[in-house]
Amino acid sequence: MNPQQPSHPLAELVRIESDPAYRALFCAELDAAILDRFANRAAVVAEVQAAADRLRSLVLHDGPGPSA
């Protein structure tokens, strides 16, 4: 058995519940991962909005005129 693997499926949860220092570390890492995910999501949303604005500008203002 791999020493990194818990001995039973819920070993990590048991450790989180029973070890206050490990719980604090786990929660801090979880919070950091959530904040990172939110930051990435906000960046993607901003990129999509900027692309939509550029496309809207092209379609409404800068697009080619009527064909002659």
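Just so it is clear, the model here is predicted, and its values are computed rather than measured.

Parameters at a glance
- Residues numbered from 1 in each chain as written.
- Predicted model: local features only at pLDDT ≥ 70, side-chain atom pairs only at ≥ 80, totals over all residues.
- Heavy atoms only, no water.
- Helix = DSSP H or I, 4+ residues; strand = E, 2+ residues; numbered from the N terminus.
- Buried < 20%, exposed > 50% of the residue type's maximum accessible area, 1.4 Å probe, protein only.
- Areas by Shrake-Rupley, 256 points an atom, 1.4 Å probe, with all protein chains shown as cover.
- Salt bridge = Lys/Arg side-chain N within 4 Å of Asp/Glu carboxyl O.
- Patch = residues over 30% accessible without salt bridge, like charges linked within 9 Å, V, L, I, M, F, W, Y side chains within 5 Å.
- Phe/Tyr/Trp six-rings, centres within 6.5 Å; stacked < 30°, edge-to-face > 60°.
- Lys NZ or Arg CZ within 6 Å of the ring centre and 35° of its normal.

A.B. asks: In this structure, what is going on with the overall build of the protein? I would like to understand it.
C.D. replies: Secondary structure summary: the protein contains two helices and zero strands in total. The 68 residues of the protein split such that 4% are buried. Carbon together with sulfur atoms contributes 62% to the accessible area of the protein, which is approximately 6,100 Å² in total.

A.B. asks: Is there a simple way to think about the pattern of salt bridges in this case?
C.D. replies: Charged atoms that come close allow side chains of opposite charge to pair. Applying the stated criterion to the full structure yields two salt bridges. Here Asp19 makes a salt bridge to Arg15, at a shortest N to O gap of 4.0 Å. Arg15 gets classed as partly exposed once you look at its relative accessible area, which sits at 44%.

A.B. asks: Sorry if this is basic, but what is going on with a nonpolar patch on the surface here?
C.D. replies: Residues Leu30, Ile34, Leu35 and Phe38 make up a contiguous nonpolar surface patch of roughly 380 Å² in combined accessible area. Relative to the elements of secondary structure, Phe38 occurs in helix H2 (residues 20-62).

A.B. asks: I tried to follow the packing of aromatic side chains on my own but got confused; where do I start?
C.D. replies: Under the criterion given, the structure shown has zero aromatic pairs. Positioned over the ring face of Tyr22 is Arg15, at 3.7 Å from the centre of the ring.

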